Amino acid sequence: MPLFSSRRERWLWLWALAVVAAIFASLWVGGQLAEALRDHELLDEVLRAGLFLLGLVLLGATTVVMGVWSRPGGVGIAVAIGIAAVYLLVFLRIGVLEERSHLIEYGVLGIFVYAALAERALQGRRVPMPAVLAIVGTSAVGLLDECLQLFVPDRVFDPWDILFNVLAASLAVGASIALGWARRRRRGT
């Protein structure tokens, strides 16, 4: 029996692996970059505003592309607006740039892991509770990331970061499930 159930599953796992590699690569660069930005407060504020606007543009572009692709009905649009509102509120409540990055990093990872597990289940493979497995797996990567920071100079192990990683994975997987529900409802399946 092949390792992957389909080409799509293989690509989803490869993308998930690329995200994990990027997260772990940031262990050595991320702390130095954040420290350099903190030394230049004005640059830090400009960068924060720019990153926030870039995130909003990417979110908007993704929403438009997905909307055109899936042709959502009223429920789908309402769910998408609700998800965007939740993310915006969470993003605005988190004041530290590094903490905001957890929402993006572990959210993207959670979506790829969930999509790969869901694809595997669709292909007839046994995958008990793909959403829970995706959140647990993504959170485990976040825990490993934090534990590795114990051994990296200029990085700090922070239990709150572990919580942010779990939150990011949960939000992303929950959003993916909600959007999937809206699409199925529109199709009547």
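Every value quoted in this text rests on a predicted model; they were computed, and no experiment measured them.

## Notes on the overall build of the chain
Helix and strand counts for the chain stand at six helices and zero strands. Reading the chain from its N terminus to its C terminus gives the helix and strand order α-α-α-α-α-α. Evaluated residue by residue, the chain yields a buried proportion of 33% over its 189 residues. Across the chain, contacts joining residues at least 24 apart in sequence account for 78% of those joining residues at least 6 apart. As presented, the chain carries roughly 11,800 Å² of accessible surface, and 72% of it is formed by carbon and sulfur atoms.

## Structural notes on the packing of helix α5 (residues 130-148) against helix α6 (residues 159-187)
A pair of packed helices is characterised by two quantities: the angle between their axes and the separation of those axes. Running from N to C, α5 and α6 cross one another at 155°; their axes reach a closest spacing of 9 Å. In terms of axis orientation, α5 runs roughly antiparallel to α6. In terms of crossing hand, the pair formed by α5 and α6 is right-handed. Taken together, the residues of α6 that come into contact with α5 (itself represented by Ala-131, Ala-134, Ile-135, Thr-138, Ser-139, Gly-142, Leu-143 and Glu-146) are Asp-161, Ile-162, Asn-165, Val-166, Ala-169, Ser-170, Val-173 and Ile-177. The class makeup of the residues in the contact of α5 with α6 is nine nonpolar, five polar and two charged.

## Some details on the pattern of salt bridges
Tallied over the full model, the rule gives two salt bridges. Close ionic contact of Glu-119 with Arg-8 constitutes a salt bridge, the shortest N to O distance being 3.3 Å. Placement of the pair is Glu-119 in helix α4 (residues 97-122) and Arg-8 in helix α1 (residues 7-39), with a sequence separation of 111 residues. The exposure class assigned to Arg-8 is partly exposed, which follows from its relative accessible area of 47%. Its salt-bridge partner being Arg-120, residue Glu-9 comes within 2.7 Å of it at the nearest N-O pair. With Glu-9 in helix α1 and Arg-120 in helix α4, this pair connects stretches of sequence that are 111 residues apart. Glu-9 sits in the buried class, given a relative accessible area of 1%. Under the relative-accessibility criterion, Arg-120 is labelled buried at 19%.

## Structural notes on α5
With 19 residues, α5 extends 27 Å from end C-alpha to end C-alpha; this agrees with the ideal 27 Å at 1.5 Å per step. Listing the buried residues of α5 in full gives Ala-131, Ala-134, Thr-138, Ser-139, Val-141, Gly-142, Asp-145 and Glu-146. Down the axis, α5 shows its buried residues gathered within 150° of arc, on one side only.

## Points about the environment of Leu-171
Note that Leu-171 resides in helix α6. By relative accessible area, Leu-171 is classed as buried at 19%. In the structure, Leu-171 is positioned 88 residues away from Ile-83 in sequence and 8.7 Å away in space, judged by C-alpha atoms. With residues up to four places along the chain from it excluded, the contact list for Leu-171 reads Val-86, Tyr-87, Val-90 and Leu-103.

Calculation criteria
Residues numbered from 1 in each chain as written. Predicted model: local features only at pLDDT ≥ 70, side-chain atom pairs only at ≥ 80, totals over all residues. Heavy atoms only, no water. Helix = DSSP H or I, 4+ residues; strand = E, 2+ residues; numbered from the N terminus. Buried < 20%, exposed > 50% of the residue type's maximum accessible area, 1.4 Å probe, protein only. Contact = heavy atoms within 4.5 Å. Areas by Shrake-Rupley, 256 points an atom, 1.4 Å probe, with all protein chains shown as cover. Axes fitted to C-alpha atoms, helices over the stretch in contact; angles between N-to-C directions. Parallel < 35°, antiparallel > 145°, perpendicular 65-115°, else oblique. Left-handed = near helix turned anticlockwise from the far one by under 90°. Nonpolar A, V, L, I, M, F, W, Y, C, P; charged D, E, K, R; others polar. Salt bridge = Lys/Arg side-chain N within 4 Å of Asp/Glu carboxyl O. Expected span 1.5 Å × (residues − 1). Arc of directions from axis to C-beta.

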